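An overview of the molecular structure
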Amino acid sequence: LLGDWDFVSESHDYGKFRGRWSAVRLATGQILDEYRVLGDNGETFYVSSTVRAYNAYKDRWELIGMDTGGGLQDFGTGQRVNSEMHIEQKFGVAGDKPITLRIRYYNIQADRFSWSADRSTDGGQTWIKDFQQIEAHRIGPSRDLGALAPAKKP
């Protein structure tokens, strides 16, 4: 996920759309990403940010997503399964209609990846398979953000 990506997506609710996705590694190893849905003229329709941190004790990634006004409610966990990354994350927890997505990153290559999500609106009792799909293509290299507050030199 590190780097800059263009993507095209199709969703059961929103139809076809496109956007940009960028991710950087922080100096302490966590990943910060921004997911942005764009209109035909490049205007932003939706944007969210996610912080991802590896929990070595539990051998999993933990992530918290946030968008305007939603706070830090959208918690998820992820694990590598063979050549794929699987994430389960809750969204909209602060509102009255939370959803759960089971996300699968697959066909992961240096210059592209595929993403598919199943959706549940009833706490995991029932699922809509392939509710949303993304095809992403790299437009910028992997990068690190570096220290925000560098140590003072002696």
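Residues numbered from 1 in each chain as written. Predicted model: local features only at pLDDT ≥ 70, side-chain atom pairs only at ≥ 80, totals over all residues. Heavy atoms only, no water.

Points about the packing of aromatic side chains
- As enumerated under the stated definition, the model contains 10 aromatic pairs in all.
- Taken together, a centroid distance of 6.3 Å and an interplanar angle of 70° make the contact between Phe7 and Trp21 edge-to-face. Of this pair, Phe7 sits in strand β1 (residues 3-11) while Trp21 is found in strand β2 (residues 15-26), placing the two residues 14 residues apart along the sequence. Both residues of the pair, Phe7 and Trp21, count as buried.
- Within the aromatic cluster, the residues linked to one another by ring pairs are Trp5, Phe7, Phe17, Trp21, Tyr35, Tyr46, Tyr105 and Phe113.
- Directly above the ring of Trp127 sits Arg102, whose terminal nitrogen or CZ lies 3.8 Å from the centroid.
- Across the ring face of Tyr106, the terminal group of Arg104 is positioned such that the distance to the ring centre comes to 3.9 Å. (Phe/Tyr/Trp six-rings, centres within 6.5 Å; stacked < 30°, edge-to-face > 60°. Helix = DSSP H or I, 4+ residues; strand = E, 2+ residues; numbered from the N terminus. Buried < 20%, exposed > 50% of the residue type's maximum accessible area, 1.4 Å probe, protein only. Lys NZ or Arg CZ within 6 Å of the ring centre and 35° of its normal.)

Observations regarding the pairing of strand β4 (residues 44-55)
- The sheet contact formed by strand β3 (residues 31-38) and β4 spans eight bridges and is antiparallel. If you follow Tyr35 over to β4, its bridge partner there is Ser48.
- Counting the residues that bridge the hairpin from β3 to β4 gives five residues, and of these Gly42 lies at a positive phi of roughly 85°.
- Alignment of β4 against strand β5 (residues 60-67), held across eight bridges, turns out to be antiparallel. Its bridge partner lying in β5, Ala53 is registered against Glu62. (Pairing = 2+ DSSP bridges.)

Side note on the pattern of salt bridges
- As enumerated under the stated definition, the model contains 10 salt bridges in all.
- Residue Asp33 is joined to Arg52 by a salt bridge in which the shortest nitrogen-to-oxygen separation is 2.6 Å. With Asp33 in strand β3 and Arg52 in strand β4, this residue pair connects regions lying 19 residues apart in the sequence.
- According to the relative accessible area criterion, Asp33 is buried, its value standing at 3%.
- Arg36 is paired through a salt bridge with Glu34; the nearest N and O atoms lie 3.0 Å apart. (Salt bridge = Lys/Arg side-chain N within 4 Å of Asp/Glu carboxyl O.)

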